[in-house]
Structure formats: C-alpha cells, structure tokens
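# Structural overview
What follows is the residue order along each chain.
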Amino acid sequence: MKEIRVRFAPSPTGYLHVGGLRTALYNYLYAKKNNGKFILRIEDTDRNRYVEGAVENLTAALNWAGLDYNEGPDIGGNYGPYMQSQRLEIYKKHADELIAKGEAYYCFCSAERLQKLREEQEKQKLPQAKYDKHCLSLSKTEIEQNLKNNLPYVIRLNVKPNQKIIFDDIIRDRVEFDSNNVDDQVLIKSDGYPTYHLANVVDDHLMEISHVIRGEEWLSSTPKHVLLYDAFKWERPKFAHLPLLLNPDKSKLSKRQGDVAVEDYRDKGYLKEALINFVALLGWNAGDDKEFYYMNELIEKFSLDRVNKAGAVFDIQKLNWLNAEHLRKMHDDDILKLLKKEILNSQFSTLNLPDNYLFQIITAMKERVAFVKEFITTCQYFYTPTTEYEQKSVEKNWKPETPEHLRKLIDEFKLLDNPSKEDFEHAFGKTAEQLGIGKGKLIHPLRLAVSGQSTGPGMFDLLFILGKDEVIKRIEKAIEVLG
RNA sequence: GGCCCCAUCGUCUAAUGGUUAGGACCUCGCCCUUUCACGGCGGUAAUAGGGGUUCGAAUCCCCUUGGGGUCACCA
C-alpha cells in the first residue's frame, strides 16, 4: 500500500486561524492514525502579502498545539524546499511543459484590457465573467516577438469547453462541474510567481501527497486542479473538503466576530488540550457520546468518513466548558507549572510562594475555576491580605455582635498549636456552641473577615491553608475595618 | 447573479428504512453542601416546507425555501 502523506499548506498571513488549526489537526490525525506523514508547506506565492515573522508564528502555534510535522520549512525533508517561494523554477518548468502540450498558453493581455472585458461582460449580463481566450489565437511568431520585446505576460490554463469535470470527494462523494464554467485560470503571474492553483498541484504531486484534506472554500476551484492533474497525466490525490467553521451568524468564521487566531486563545489562557479537543469535535465525532478526548484518543478514533458535511458554529461556551474539564483532570504538577507562569505575569510576580502552598491552592480551587489564571483572580486572598470586603456580604453577614463573636473565635484559635484542618473545625464548633449560636451565624462572617468574599473553598481548608497566625491577623484587621 | 456545497433542539452532534428522535454545551428546577463550585436527578427545546418511493422515511428521490462557499496576475 502506498504511504499516506498529507499536508497542511497555509499561506503565511501572520497567525494561525482556528479554522486552519482544525484543518491541520484533521491532517495530523489522519496521518498518525494511518502511520503516514504530516507535512507543512508554506504557500507564500503572493509577494504582496509578505508578512514579517509569519512563518515563525505559524510553526510556533503548531508546536504549541502539539501538531508536529514530519517535514517542513524549518526541519527539512526529502521533498523540499517547503516554501513555495523557493520552488519557482519548478513551477516554470511545469508551466512550460503544459504550453508544449497545448494545455496552457501565454497571455499578454494588459490589466486594462482585462478590466474592460470584465465590464463589458457585466454589461451584457453574462452569468459569469471569464477570460475570452484572446491570446490563445496568437501565432507562434507573435508570441516569440512579444517575448523578445519583453512584454509582460502570464501563463493561462487552456480549459476545453463542453466537458464534464467529475471528481470524488471523501466527504461529499461525487462532485460534478461543467468546464464551460471554469475560467482560463492564470498559472504563472507576470512576476514569475505561480498562482496557488498551479503550485499546489505541482507540489502535491512532487511531494507525493496521497490525500488533500482542506477547507470547503477550495471545493469550487478543485476542477481547475483536477484539470491540471489530467493535463500532466498525473494520478489525482484523494480529496476531502472539510466543512467550514462558522460565526454565530453562520458566515465563515472571521476576525470581525471574535478571536480567530490560535495565539489569541492561547494568550487568553485556553489549554491546548481543550482547544484541540473542541476543534476536533467541530465537524467530526466517533459515533458515540464521548466528548472528552486527549490527542492520543483522537488519533485512535479519527476517520475521514465520519466527518460531517455541514458547517459548524464555533461555540465559545462549549470551549469554555471543555477547558474547565481538561483543567480539572490535569495533574496538579502540570497545573503548578502553568500557575507559576501566570503568577509571573500577574501583580504577584515577586511573591515567590513555595510549591507546597501553591499545591494547596490548586487542590482547594480546582473544582471552582475554568482557567489557570483564575487560580489567582478568583482567590487573591491567598496571595495578599484582604483589604476590601464584599459589600453585599457585609450587609448580610456583618452584624453588631459579630466582632464580639469573632474575638471569642480568635481566643480559641490562639490556643491551638500548629492546627490541622480538623483542629480549626473543632475550635470553631466549640466557639459556636459556647456562644450559643448556630454555626452559620459564625461561618459567614469568618469567611468574610478572612477572604473578603462570600464564596470560596471549604471554610476549614481556607483557614488551614492560610495558617493560624495569618487567620488571626486577618480577623483582627476585619474587626478594625468593619467595626 | 452563474456555478458548487449544505440543511436534526439556540449551539455541537447521534440515530446510515422500523427508536417514546439519544447525548453534550447553554438554560431552568430539585438534591448534595450552613459559601461558591463540583457532582447527582429532572425539565424546556429539533428532523425547514411540499411532493413522491415504501407496509413503514430524519434516513432514498424530486421540487421549493433557507444558509454558506466561490467566481483575481489572494491563498
């Protein structure tokens, strides 16, 4: 059996689009599942779109997500180079070959003529603007003369009329086009660079790509590619056109309606495990009810014939849920590493808290957060003494007799020696009993005094983590401030 | 507008001729818990419409409607 070789072929726009991430992921999963190769190729054939550092951003994002490729611009491989801008001679040579075969031709038409042509066709209400094959009828000597005079030219695909163009798609089955609707696509631009259509076909063939797995936006230009494979007499790869990722309004996922770069999600604190899991489920499922996946499970379960046909709305709420799920199931050691990074980027960067203390925060808060940074933001009282007290809780829980009650509690706590969680609990229970009040009357003011908040981890976990001295200090402070 | 693709709860989806149309997110209610979460239980909510084919259609066919993609010397 032929080796499975798939590729992710983005243009270097400066960032990795989440739709691109999904496409890359499906390619990756398919390769891994079938012991194949996953290749990164950069489609940088548009000189006007050159973006500084774009390739580095792309590879960094792919690496972050864990989508390792077997061949690519930065790591090489046997089918390089993997930057299309470095393969110009290859495309030229193949374009010449097509010209020799009559499958392509030189076109010297100016932009002005093309513009005029388009306007005229529009005026005539023609269903579709198309090049009129004007230059196809140029004589050999005319062409040579033009070339000798250094007239700018492009090379166009010579599409024969009245042909059915049929190809099979793994996801959409059989798709059929009429060649009358296919324009004589430019293959080589006047700057000598190829267009996407030529470059991707030539490269996919030369790189022995077995499956072209890409977004549905390419479906309508696939006839051009098929025509090229046929013109070269090359075997066509298998095609799989993935459904699009959609905005909430069902249009193609775009920048205007929210974050679209995987870097954005990374920077917002989404776990790569969650993003991968989420994006994998946008257009694919294993046929069961499982929703929580790690990468290795995705590899094991993935198949192209269970990919959906219809577009999928990118639902941030479900992503958030998955992020929380992945965070909860993550090992504390791994959370610790991430948390330390977050602390370094926070107002507490100079704190230098011991691992042991951070582990306790993680344990206490794990069920209560969805993002790593929330181990800081939702419980700042673990990092700095409380100075502000939630107004609503003060009104509800801070009664005139509260300071007296808390003073009694301080006295009890003072008697404790290196107290455990249970010691705190006993002392607390004893105090409530001696005061002749319900525990609820005491527990809410205590939480307020110690954390400034009305919500948080279990009361005695909180006391234990903070420690006796700190707890007493904070209660005294609260009595002083709230009176 | 031409061409192409698509159509199950608000969203992601399962059910590939026979199910009370299932699950998840969201949302609501209850339980657990003297906080908040987690967790558990339950509720609301879908086969776009119309024709066929069939004993039987979410599922196959046709039409309509709706949505999307694409029509560059961008990818």
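The residue count restarts for each chain, going from 1 along the sequence in the order it is written. By the order in which they are written, chains take letters starting at A while ligands take numbers starting at 1. A pLDDT threshold of at least 70 governs which residues receive local features in this predicted model, and a stricter bar of 80 or more applies before side-chain atom pairs are shown or counted, although totals over entire chains, interfaces and linings include all residues. Excluded from the side-chain calculation are hydrogens and water; included are all heavy atoms of the structure.

## Quick notes on the protein's contact with RNA strand B
Stated precisely, the cut-off is as follows: In these notes, residues near a molecule or strand are those with any non-hydrogen atom within 4 Å of it. Here a polar contact is recorded for every N or O atom pair within 3.5 Å, except that within protein the pair must consist of a potential hydrogen donor and a potential acceptor, and residues adjacent in sequence are included only if both atoms are side-chain atoms. The helix and strand labels rest on DSSP assignments: H or I over at least four residues marks a helix, E over at least two residues marks a strand, and numbering proceeds from the N terminus. The nonpolar class holds Ala, Val, Leu, Ile, Met, Phe, Trp, Tyr, Cys and Pro. Asp, Glu, Lys and Arg form the charged class, and all remaining residues, Gly among them, are polar.
In the vicinity of RNA strand B, 64 residues are found, and the nearest of them are Arg49, Lys189, Asn285, Glu367 and Arg368. Counting only the atoms of RNA strand B that lie within 4 Å of the protein, the sugar and phosphate share comes to 75%. Contacts to RNA strand B include threonine 45, whose side-chain N or O atom sits 2.6 Å from a phosphate oxygen. Interatomic distance of 3.1 Å between a side-chain N/O atom of glutamate 216 and a sugar or linking oxygen of RNA strand B. Contributing elements (two or more residues each) for the surface near RNA strand B: α4 (111-123), β4 (154-157), β6 (173-178), β11 (312-313), α11 (316-329) and α18 (439-451). For the surface near RNA strand B, the class distribution of residues is 20 nonpolar, 20 polar and 24 charged.

## Section: the nonpolar core
The condition is simple: Take the buried residues of types Ala, Val, Leu, Ile, Met, Phe, Trp, Tyr and Cys, join any two whose side-chain atoms come within 4.5 Å, and each joined set is a nonpolar core. Under the scheme applied here, a residue whose accessible area is under 20% of the maximum for its type counts as buried, over 50% as exposed, and between as partly exposed, the area being computed with a 1.4 Å probe on protein chains only. Contact definition: two residues touch when any of their heavy atoms are within 4.5 Å.
With 107 residues, the main nonpolar core has Leu67, Phe375, Phe382 and Phe413 as its most contacted residues. In terms of residue count, the dominant contributor to this core is helix α1 (residues 18-33) (nine residues). Non-local contacts of leucine 67, meaning those with residues more than four positions away in its chain, are made with Leu21, Ala24, Leu25, Tyr28, Phe38, Leu62, Ile276 and Met295.

## As for the pairing of strand β2 (residues 37-40)
Inclusion rule: Note on pairing: two strands pair once DSSP finds at least 2 bridges between them. Look down the strands so they point away from you; if going from the first strand over the helix to the second traces a clockwise path, that crossover is right-handed.
Two elements, strand β1 (residues 5-8) and β2, share four bridges in a ladder whose sense is parallel. When the sheet's bridge partners are listed, valine 6 is paired in β2 with phenylalanine 38. You can see the chain leave β1, run along α1 and come back into β2, and the turn it takes is right-handed.

## Observations regarding helix α7 (residues 222-232)
Of all 11 residues making up α7, 10 are buried, and the element is well covered by its neighbours. Taken together, the buried positions of α7 are occupied by Thr222, Pro223, Lys224, His225, Val226, Leu227, Leu228, Tyr229, Ala231 and Phe232.

## Examining the packing of aromatic side chains
Convention followed: In this scheme Phe, Tyr and Trp rings, the latter by its six-membered ring, pair at centre separations within 6.5 Å, and the angle between planes marks the pair as stacked below 30 degrees, edge-to-face above 60, and tilted otherwise. By definition here, charges over rings are those cases where NZ of Lys or CZ of Arg is within 6 Å of the ring centre and within 35 degrees of the ring normal.
With the rule as written, the count across this model stands at 21 aromatic pairs. When the ring of tyrosine 28 is compared with that of phenylalanine 38, the centres are 5.8 Å apart and the planes differ by 80°; the resulting orientation is edge-to-face. With a gap of 10 residues between them, tyrosine 28 in helix α1 and phenylalanine 38 in strand β2 connect regions that are remote in the sequence. With a relative accessible area of 7%, tyrosine 28 lands in the buried category. Ring centres of tyrosine 196 and tryptophan 218 lie 4.1 Å apart, and the angle between their planes is 20°; this geometry places the pair in the stacked category. With tyrosine 196 in helix α6 (residues 196-206) and tryptophan 218 in the loop between β8 (211-215) and α7, this pair connects stretches of sequence that are 22 residues apart. Site record: aromatic cluster; members linked through ring pairs are Tyr265, Tyr270, Phe278, Phe314 and Phe371. Cation over ring: arginine 156 sits above tyrosine 131, and NZ or CZ is 3.8 Å from the ring centre.

Coordinates in, geometry out; function isn't part of it.
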